Amino acid sequence: MKQTAIVYGSTSGNCENIANKIAAALGIDSANVFSASQLDASKIASFDNLLLGSSTWGSGDLQDEWYDGIEVIKSSDLSGKTVAVFGCGDSSGFSTTYCDAMGTLYEAAKAAGADMIGAVSTDGYTFDDSTAVADGKFVGLALDEDNESHLTDTRIAAWVAEIQPSL
């Protein structure tokens, strides 16, 4: 596997925990798992693959640690890099903006030229709307630690098996 970083934004710890679970499943060194607040152009340049994750807050907003990080993504040339996204949301309490932050990360990385991987079927999910859905699939791994934590490990395992050959 090429050099891979996992970059997350996490307020309550859920997205950070998920980032660490994904890292363990992929055998990624913990030094390559870090907060979006630490993201800069030199870090992006040093990795071939980026896994970007955020919890969704408010009315579909990125988590605060992504405030500057999203600008770093937007101003980077991600051509030749493979990127996958993951997100946390509340499919019950915020069912009309479920994992919207993941959609924001996806759009920024795609616009920066990344090769996007890791779409996930919406089958088995209960929500009303999400900007993280394109062509009937989530643009990445959507997770709900508030209402569906019992599905997290299974969903991570399936997603990792899907993306690992491309990393």
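Anything mentioned here points back to the structure above.
Residues numbered from 1 in each chain as written. Predicted model: local features only at pLDDT ≥ 70, side-chain atom pairs only at ≥ 80, totals over all residues. Heavy atoms only, no water.

1. Points about the overall build of the chain
Okay, step 1: The helix and strand inventory of the chain stands at five helices and ten strands.
Okay, step 2: On C-alpha atoms alone, the chain measures out to a radius of gyration of 14 Å, which is about the 15 Å that the 2.2 N^0.38 rule sets for 167 residues.
Okay, step 3: Principal axes of the C-alpha set define a box for the chain whose edges measure 40 × 30 × 30 Å.
Okay, step 4: Counting every position in the chain, which comprises 167 residues, the buried fraction comes to 53%.
Okay, step 5: Once local pairs closer than 6 in sequence are excluded, the contacts in the chain between residues at least 24 apart make up 75%.
Okay, step 6: Put simply, the chain shows about 7500 Å² of open surface, and 44% of that area lies on carbon and sulfur atoms.
Okay, step 7: Charge-centre separation for the chain: the mean point of 8 positive side chains lies 8 Å from the mean point of 24 negative side chains. (Helix = DSSP H or I, 4+ residues; strand = E, 2+ residues; numbered from the N terminus. Rg over C-alpha atoms; globule rule 2.2 N^0.38 Å. Buried < 20%, exposed > 50% of the residue type's maximum accessible area, 1.4 Å probe, protein only. Contact = heavy atoms within 4.5 Å. Areas by Shrake-Rupley, 256 points an atom, 1.4 Å probe, with all protein chains shown as cover. Lys, Arg positive; Asp, Glu negative; His and termini not counted. Charge placed at Lys NZ, Arg CZ, Asp CG, Glu CD.)

2. Details of the pairing of strand 5 (residues 82-88)
Okay, step 1: With seven of seven residues buried, strand 5 lies mostly within the body of the structure.
Okay, step 2: The alternating pattern of strand 5 places T82, A84, F86 and C88 on one face and V83, V85 and G87 on the opposite face, and all of these are buried.
Okay, step 3: Here strand 3 (residues 49-57) runs beside strand 5; their pairing, made up of seven bridges, is parallel. Looking across to strand 5, one finds that S55 is bridged to C88.
Okay, step 4: Relative to strand 6 (residues 115-117), strand 5 runs parallel, the two sharing three bridges. Following the sheet pairing, A84 is matched in strand 6 by I117.
Okay, step 5: Read from strand 5 through helix 4 (residues 100-111) to strand 6, the crossover connection turns out right-handed.
Okay, step 6: Summarising the sheet, strand 5 and strand 10 (residues 141-143) pair through three bridges and their orientation is parallel. (Pairing = 2+ DSSP bridges. Right-handed = clockwise from strand over helix to strand, strands pointing away.)

3. Thoughts on the packing of aromatic side chains
Okay, step 1: Counted by the stated rule, this structure contains seven aromatic pairs.
Okay, step 2: One aromatic cluster is present, built from ring pairs that chain together Y98, Y125, F127 and F138.
Okay, step 3: A cation over an aromatic ring shows up here: R155 above the ring of Y125, its NZ or CZ 3.8 Å from the ring centre. (Phe/Tyr/Trp six-rings, centres within 6.5 Å; stacked < 30°, edge-to-face > 60°. Lys NZ or Arg CZ within 6 Å of the ring centre and 35° of its normal.)

4. Observations concerning the pattern of salt bridges
Between side chains of opposite charge, pairing is possible as soon as their charged atoms come close.
Okay, step 1: Within this structure, the stated rule accounts for two salt bridges.
Okay, step 2: Where D153 meets K21, a salt bridge forms, and the shortest distance between an N and an O atom there is 2.9 Å. Taken together, the residues D153 in helix 5 (residues 152-163) and K21 in helix 1 (residues 14-26) connect sequence positions 132 residues apart.
Okay, step 3: Judged by relative accessible area, K21 falls into the partly exposed class, the value being 35%. (Salt bridge = Lys/Arg side-chain N within 4 Å of Asp/Glu carboxyl O.)

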